[in-house]
Amino acid sequence: MNPRYIRNFSIIAHIDHGKSTLADRLLEVTGTIEKRKMQEQVLDSMELERERGITIKLTPVRMKWTVGGKTGDGQEYMMNLIDTPGHIDFSYEVSRALKAVEGSILLVDATQGVQAQTLTTLNMAREGGLVIVPVVSKIDSPLARTDEVVKELAELLKCSESDVIKVSGKTGEGVSRLLDEIIKRVPSPEEANHWQSELQKEENKKTGISPTVEQFRSLIFDFQYSNHIGVIVYVRVISGSAKRHEKLVFKVAGREFEAIDVGIFTPAETPVTSLSAGEIGYIVTGIKEPGIASVGDTIASVKDTLPPLPGYMTPRPVVWASVYPESQDDLAMLRQALSRLRLSDSSITYEEEASGTLGKGYRCGFLGMLHLEIVTERLRREFNLNLVVTMPTITYEVTLKNGEKKNIYSPSLFPEENDLVSVSEPIVTMKIILPPAYLSGIMKSLYDHEAEIIGTENFGDNRTLLTMLMPLRELMRNFFDEVKSISSGYASISYDITENRIADVVRMDVLVNDEPVPAFARVVSRRRAEQEAVNTVDRLYDIMPRELFSYKIQSVALGRIISSRTISGKRKDAAGTLSGGDITRKMKLREKQKEGRARLKEHGAVIIPQDVFVKMMRSGD
Ligand SMILES: Nc1nc2c(ncn2[C@@H]2O[C@H](COP(=O)(O)OP(=O)(O)OP(=O)(O)O)[C@@H](O)[C@H]2O)c(=O)[nH]1
Ligand SMILES: [Mg+2]
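Residues numbered from 1 in each chain as written. Chains lettered and ligands numbered in written order. Predicted model: local features only at pLDDT ≥ 70, side-chain atom pairs only at ≥ 80, totals over all residues.

**Things to note about the overall build of the protein**
Just so we agree on the cut-off: Strands are runs of DSSP state E lasting at least 2 residues, helices are runs of H or I lasting at least 4, and numbering of each runs from the N terminus. Burial is judged by counting other C-beta atoms within 10 Å of a residue's own C-beta: 20 or more means buried, 12 or fewer means exposed, and anything between counts as partly exposed, with every C-beta placed from the backbone.
Within the protein, the secondary structure is distributed over 16 helices and 31 strands. The burial tally for the protein puts 43% of its 621 residues in the buried class.

Okay, structure coming up:
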């Protein structure tokens, strides 16, 4: 297709503002999916997406549209849409989608107004140089405050209120106009040409290749794996075209292959004869080993001589947790599952580790708590694995007295106080938007979580935008839930890890029956160390099973035992059942049992049941 008639755009918004529902209506009015085959949020095709009603992965789809319906000039346009997730844990998906398009719909829910994640995604789109099409959704809702929200959005974008398009994903109102406006406002790939870096333009001049006759070059923004056909890469074609059987190369990985097939998303994968400049589609590579395909790599014709396209920043894991198979027999299966999963979620990182009590497993990095939950749930479901997942933690950078610097992402490896010179930790810049009525309520919580407020502004219609710095460690300490409950759900939060700072933290170990349990080790702020130590022991005391012998649960920090409780042994009194008889015989028996229990205690390790690990993780703080 002539790139002049192509429009590539994504939909970005705060979570639940109606992106996928609007996508449904776009698919419907363009006739991409027949009405009778339509289901709600049809692009959310993963089982977990449907169950939870949230989008987890970006989804591309191609549609056709003719401006003004039958009254337009009759020119048909190719509309490539990428739906994105709204939850902050999945903003890596958003950032990748944004590099494949020239414009973006910024959707704001008419019942909610601009929320924290609206601002973050807007920034991402602006940084990418995209044209923003402001849209207010859910105008059909009885709770909609459409006029106020239109005003708010216009102020945010410094545009006129008449530029804001009003739609309903429920009734379809405004959706045809939206498509017309996208064609008008979003530049074609040819016009935008934002991929032609100055460097490449120079190179083109030297080699005399004009952009339109360039070799095939495309950016990988996602991929999938199929047992049957190997890795399928999702690409945005930058120049040239590619057909089935063409010889292509992964520029960064340096691996050549023959395209088994090329195709587009309708939204199902549908083969086409060729993919050309400006289009979005997929290439079946046939490559089955992991580690070759990576998002951000360039797939090009083997004849292409230019350097690879600038790719993506590799996302930095936010939380780490260890994943162990319940049975060590499943270790190989777990390894395979992780490497498979990485082929549909490139943001997971993992490496093997061993823990005394749990055997061997993997230390995994995730982009947030929801990401952790989704990945472990997928491991359980898609690979039928029974897993133990340890308490999530973050990364600390430590400087040791011997001058060594280390990244510690497992608390059990956190150095002793005596060996440390300094520790630094990730700090997030956070935005919270909330009605001012909740401001005083939230202040205590902000203080408690070591927040440093750096900006307060009145925002839109009677709301306040707070900007602050906070240690990531404190954010993970149930901060979201706290804010949600203080504000009765009216506050929205968005954050970015922006810097590292010196941290005043200490390591806390938990001993069960005098044995340290690495999975329970934690790094806590010094000022909260005592409290945390007591809480942890109390919590474990409530959920650990009783044994035949008594044993202690202790927490140790700063080189001393801070809290200790004893779980008393179950009494199995054989003597009690002896009726009558002489008392000395009973005493003798009891004495013997006591000795037996002591021996048990010496040899019998306390087995910590899996559900204790799960409960400890769930209870968070
Ligand atoms: N009344 C009304 N409800 C809507 C409309 N659009 C979406 N909803 C409802 O809002 C909720 C969220 O809709 P989704 O389309 O899943 O929102 P989303 O932005 O895709 O959510 P994430 O992808 O998880 O960020 C669902 O319960 C929808 O039924 C609308 O136009 N009107
Ligand atoms: Mg969605």
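Next comes the rest of the description.
**As for the packing of helix H11 (residues 439-448) against helix H13 (residues 479-486)**
Packed helix pairs are specified by the crossing angle of their axes together with the interaxial distance, meaning the distance between the axes. Here is the rule: Where helices are involved, their axes are fitted lines through C-alpha atoms of the stretch in contact, as for all axes, and angles between N-to-C directions lie from 0 to 180°. Small angles under 35 degrees read as roughly parallel and large ones over 145 as roughly antiparallel, with 65 to 115 read as roughly perpendicular and the rest as oblique. A crossing counts as left-handed when the near helix is turned anticlockwise from the far one by less than a right angle, and as right-handed when that turn is clockwise. Any residue pair is listed as a contact if its two C-beta atoms, each placed from the backbone, are within 7 Å. Any residue that is not Ala, Val, Leu, Ile, Met, Phe, Trp, Tyr, Cys, Pro, Asp, Glu, Lys or Arg is counted as polar, Gly included; the first ten are nonpolar and the last four charged.
At their nearest, the axes of H11 and H13 sit 10 Å apart, and the two run at 160° to each other. By the angle between their directions, the pair H11 and H13 is classed as roughly antiparallel. Read as a crossing pair, H11 and H13 show a hand that is right-handed. For the pair formed by H11 and H13, the contact residues are Gly441, Ile442 and Ser445 on the first element and Glu482, Val483 and Ile486 on the second. The residue inventory of the contact of H11 with H13, partitioned by class, reads three nonpolar, two polar and one charged.

**With respect to unusual backbone geometry**
With an omega dihedral of -5°, the bond running from Thr266 to Pro267 counts as a cis peptide bond. As for its placement among the helices and strands, Pro267 is situated in the loop between strand S12 (261-265) and strand S13 (269-271). Phi is positive for Lys158, which is not a glycine, with a value near 50°. Mapping Lys158 onto the fold places it in the loop between helix H5 (146-157) and strand S6 (165-166). The backbone phi angle of Glu450 is positive, close to 60°, even though this residue is not glycine. Along the chain, the position of Glu450 falls in the loop between H11 and strand S24 (452-459). According to the C-beta neighbour criterion, Glu450 is buried, with 20 such atoms within 10 Å.

**Some remarks on the nonpolar core**
Keep this limit in mind: To form a nonpolar core, buried Ala, Val, Leu, Ile, Met, Phe, Trp, Tyr and Cys residues must be joined through C-beta atoms within 7 Å. What counts as a domain boundary in this text is fixed by an automatic or database domain assignment.
If you look at the biggest cluster of nonpolar residues, it comprises 85 residues, and the most contacted ones within it are Leu106, Val136, Ile220, Phe223, Val233, Val235 and Ile283. Counting residues domain by domain, this core receives three or more from each of domain 1 (3-185) and domain 2 (198-301). Tyr409, Leu466, Leu475 and Val506 belong to the second largest nonpolar core, which has 75 residues in total.

**Section: the site of ligand 1**
Test applied: Using a C-beta atom placed from the backbone for every residue, we mark a residue as near a molecule or strand if that atom lies within 6 Å of it.
Around ligand 1 sit 21 residues in total, of which Gly18, Ser20, Thr21, Thr55 and Gly86 are the nearest. Of the residues forming the shell around ligand 1, the biggest block, three residues, is contributed by helix H1 (residues 19-29). Tallied by class, the residues present in the shell around ligand 1 amount to four nonpolar, twelve polar and five charged.

**Details of the sheet that holds S12**
Across a sheet, strands are paired by hydrogen bonds formed along the backbone, either parallel or antiparallel in direction. Threshold: Pairing between strands is defined by DSSP: at least two bridges between the two strands are required.
The strand order S11-S10-S16-S7-S8-S15-S12-S13 describes an open sheet built from eight strands, whose pairing is antiparallel. Because the sheet does not close on itself, it has two edges, and the strands there are strand S11 (255-258) and S13. Strand-to-strand twist across the sheet, computed as the mean angle between neighbouring axes with direction ignored, equals 40°. Across four bridges, strand S10 (residues 247-250) lies against S11 in antiparallel orientation. Considered in S11, the bridge of Leu248 is made with Phe257.

**Considering the environment of Thr171**
Within the element layout of this structure, Thr171 appears in the loop between S6 and helix H6 (175-185). Along the primary structure Thr171 and Ile139 are separated by 32 residues, whereas in three dimensions their C-alpha atoms are 9.3 Å apart.

**Considerations on the sheet that holds strand S19 (residues 359-366)**
Taken together, the four strands give an open sheet; going across it, the order is S18-S19-S17-S20, and neighbouring strands pair in antiparallel fashion. Every other strand in the sheet has two partners, leaving strand S18 (349-355) and strand S20 (387-389) as the edge strands with one partner each. The mean inter-strand angle of the sheet, taken between neighbouring strand axes irrespective of direction, is 30°. Pairing of strand S17 (residues 319-325) with S19, which is carried by five bridges, proceeds in the antiparallel orientation. Within the sheet, the bridge partner assigned to Val323 lies in S19 and is Tyr362.

**Quick look at the environment of Gly31**
You can see Gly31 is positioned in the loop between H1 and helix H2 (47-52). Along the sequence, Gly31 and Lys64 sit 33 residues apart, while their C-alpha atoms lie 8.0 Å from each other.

**Regarding the packing of helix H9 (residues 331-341) against helix H10 (residues 369-383)**
It is at 11 Å that the axes of H9 and H10 come closest, and there the two elements cross at 115°. As H9 runs across H10, the sense of the crossing is right-handed. Residues Met333, Ala337 and Leu341 of H9 form the contact with H10, whose own contacting residues are Val375, Arg378, Leu379 and Phe383. A class-by-class count of the residues in the contact of H9 with H10 yields six nonpolar, no polar and one charged.

**Some details on H1**
Of all eleven residues making up H1, nine are buried, and the element is well covered by its neighbours. Residues Lys19, Ser20, Thr21, Leu22, Ala23, Asp24, Arg25, Leu26 and Leu27 constitute the buried set of H1. Gly31 sits one or two positions beyond H1 and adopts a positive phi of about 70°.

**Quick word on the pairing of strand S21 (residues 396-400)**
Pairing of S21 with strand S22 (residues 405-408), which is carried by four bridges, proceeds in the antiparallel orientation. Within the sheet, the bridge partner assigned to Glu397 lies in S22 and is Asn407. Joining the antiparallel neighbours S21 and S22 is a turn of four residues, in which Gly403 adopts a positive phi near 90°. Where S21 and strand S23 (residues 420-434) come together, four bridges link them in antiparallel fashion. Paired with Thr399 across the bridge in S23 is Ser422.

**As for the pairing of strand S25 (residues 463-471)**
The pairing of S23 with S25 spans eight bridges and is classified as antiparallel. Paired with Val428 across the two strands is Met470, which belongs to S25. Inspection of the sheet shows S24 paired to S25 by seven bridges, in the antiparallel sense. Among the inter-strand pairings, Gly455 is bridged to a residue of S25, identified as Thr467.

**Notes on the confidence of the model for the protein**
Short version of the rule: Confidence of the predictor in every single residue is expressed as pLDDT, which spans 0 to 100.
Mean pLDDT over the protein stands at 88; residues scoring 70 or higher make up 89%. Least confident of the elements in the protein is helix H8 (residues 198-207), whose mean pLDDT is 59; most confident is S6, at 98.

**Comments concerning the environment of Leu358**
Inspection of the secondary structure assignment puts Leu358 in the loop between S18 and S19. Separated by 159 residues in the primary sequence, Leu358 and Val517 place their C-alpha atoms 9.4 Å from one another.

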